[in-house]
Amino acid sequence: MPPRKVVTGVLLAAGSLAGSILVRRRAARRRERVDLYAADGSVRSFPEGTATADALLPLAHELLA
Amino acid sequence: MLGRVDATQAIAEMTEISPQVREVVVVGADGAVIGSNAATPERAQTLADGAGRLLAAADRDQPELAQLEASTTAGSVFVVRDGERVIAATTTPEPTVGLVFYDLKTCLRSIEAPKPKRRRRAAAGEEEADASA
């Protein structure tokens, strides 16, 4: 196989990998969640699917509607 | 915002510098709306009630809760508690979380506390009643 084709293949593979990582990161950031901040500065994060998020997110959707 | 101002003015100043923030409501200790930029008083009360319900639900999972953010694809809801007063806001999706919390706290602290109603006459009346008893 000519080296030029190998380089093109490697670049395409690297580009696809980088693209999929970016898409996954963006999708993860867009996941719905609830962050609770205590008075001492600690934070607890509850992604959708957890009991706390499932209790609070419908209320948030109501307010944003 | 340097001195203490009324709620409407404080909210107007905050939304002017923070375009991510859409609707804001400030709620007093008794649950009454102190100020809001919502389109109608009914909408302001809906926001106030919703903030109260969010706090009540969150209190079960986080003791000594000070503030919360519920982040959805349609936007976020922020609720901040400072003493007995609460400020709640809706924002655009993916807001700058730290900045919104800072702006809400600054806004809440700049709002003048409602003056207690004068009860001098009532208190005087009670004293007279105590003296005669």
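Keep in mind it's a predicted model, so treat the numbers as computed, not measured.

1. Digging into the pairing of strand 1 (residues 33-38) of chain A
Then comes step 1: By the bridge criterion, six bridges tie strand 1 of chain A to strand 3 (residues 65-72) of chain B in an arrangement that is antiparallel. Bridging from a neighbouring strand, A38 of chain A pairs with L65 of chain B of strand 3 of chain B.
Then comes step 2: Pairing geometry for strand 1 of chain A and strand 2 (residues 43-47) of chain A, over five bridges, is antiparallel. The residue bridging R33 of chain A from the neighbouring strand is P47 of chain A, located in strand 2 of chain A.
Then comes step 3: Hairpin connection between strand 1 of chain A and strand 2 of chain A: a loop of four residues separates the two successive antiparallel strands, and G41 of chain A in this loop has a positive phi of roughly 95 degrees.

2. What to know about the interface of chain A and chain B
Then comes step 1: Across the boundary between the two partners, chain A contributes 20 residues, which contact 22 residues of chain B.
Then comes step 2: Elements represented by at least two residues in the side of chain A that touches chain B include exactly strand 1 and helix 2 (51-64) of chain A.
Then comes step 3: The biggest single contributor to the side of chain A that touches chain B is helix 2 of chain A, with 10 residues.

3. Points about the pairing of strand 5 (residues 85-91) of chain B
All names here are of chain B.
Then comes step 1: Of all seven residues making up strand 5, six are buried, and the element is well covered by its neighbours.
Then comes step 2: Relative to strand 5, strand 1 (residues 21-27) runs antiparallel, the two sharing five bridges. Bridging from a neighbouring strand, V26 pairs with I87 of strand 5.
Then comes step 3: Between strand 4 (residues 75-82) and the antiparallel strand that follows it, strand 5, lie two residues; G83 among them carries a positive phi value of about 70 degrees.

Quick notes on the rules
- Residues numbered from 1 in each chain as written.
- Chains lettered and ligands numbered in written order.
- Predicted model: local features only at pLDDT ≥ 70, side-chain atom pairs only at ≥ 80, totals over all residues.
- Pairing = 2+ DSSP bridges.
- Helix = DSSP H or I, 4+ residues; strand = E, 2+ residues; numbered from the N terminus.
- Contact = placed C-beta atoms within 7 Å.
- Buried ≥ 20, exposed ≤ 12 C-beta atoms within 10 Å, placed from the backbone.

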